[in-house]
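# Residue-level structural notes
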Amino acid sequence: MRPQPPHPHPLTPADLPNGDDWWHGCPDCHLPIQGGTAGLAAHRSTVHTHAGDPRRQITINPEF
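Since this is a predicted model, take the numbers as computed values, not measurements.

## Looking at unusual backbone geometry
Here the phi dihedral of H30 falls at roughly 65 degrees; this positive angle occurs in a residue that is not glycine. With respect to the element layout, H30 can be found in the loop between β1 (23–25) and β2 (32–34).

Dropping the structure here:
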């Protein structure tokens, strides 16, 4: 098994540059993002690609 490369964005608040927020939301899809601007960049490169959002939309109909 090959060793895994380093994680693409900071994993703790201490890893962030000064002035960067650990948590905020994506302005495009409003999902909570951790890891500051590097985490947002990683989110955008995996979720918001030229192919569009790869997530499947689901509908839950609760029956009461």
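## Topic: the pattern of salt bridges
Under the counting rule described, the total for this entry stands at 1 salt bridge. A salt bridge links D28 to R44, with the shortest nitrogen-to-oxygen separation between them at 3.6 Å. Highlighted residues: D28 in the loop between β1 and β2 and R44 in helix α1 (residues 36–46), separated in sequence by 16 residues.

## Re the state of the cysteines
Summed over all chains, the structure comprises 0 disulfides. Considering cysteine sulfurs only, C29 is the nearest to C26, which forms no disulfide, with 3.8 Å between them. The exposure class assigned to C26 is buried, which follows from its relative accessible area of 1%.

## Points about the confidence of the model for the protein
Parts of the model with low pLDDT should not have their predicted coordinates read in detail. On average, residues of the protein score 79 in pLDDT, and 78% of them are at 70 or above. Looking at the elements of the protein, mean pLDDT is at its lowest for β1, recorded as 83, and at its highest for β2, recorded as 86.

## Description of α1
All of the buried residues in α1 are G36, G39, L40, A42 and H43. All buried residues of α1 project into a common sector of 160 degrees when viewed along the axis, lining one side. For α1, the exposed residues lying more than 90 degrees away from the buried face are T37 and S45. Those residues of α1 that are buried are in contact with β1 and β2.

## Comments concerning the side chain of H24
Here H24 shows up in strand β1. With relative accessibility at 19%, the residue H24 sits in the buried group. Engagement of the side chain of H24 in a polar contact is seen with the backbone oxygen of G36, the distance being 3.5 Å. Dropping the residues within four chain positions of it, H24 is found in contact with L31, P32, I33, G36, T37 and L40.

Parameters at a glance
- Residues numbered from 1 in each chain as written.
- Predicted model: local features only at pLDDT ≥ 70, side-chain atom pairs only at ≥ 80, totals over all residues.
- Heavy atoms only, no water.
- Helix = DSSP H or I, 4+ residues; strand = E, 2+ residues; numbered from the N terminus.
- Salt bridge = Lys/Arg side-chain N within 4 Å of Asp/Glu carboxyl O.
- Disulfide = S-S within 2.5 Å.
- Buried < 20%, exposed > 50% of the residue type's maximum accessible area, 1.4 Å probe, protein only.
- pLDDT = per-residue confidence, 0-100.
- Arc of directions from axis to C-beta.
- Contact = heavy atoms within 4.5 Å.
- Polar contact = N/O pair within 3.5 Å; in protein donor to acceptor, adjacent residues only side chain to side chain.

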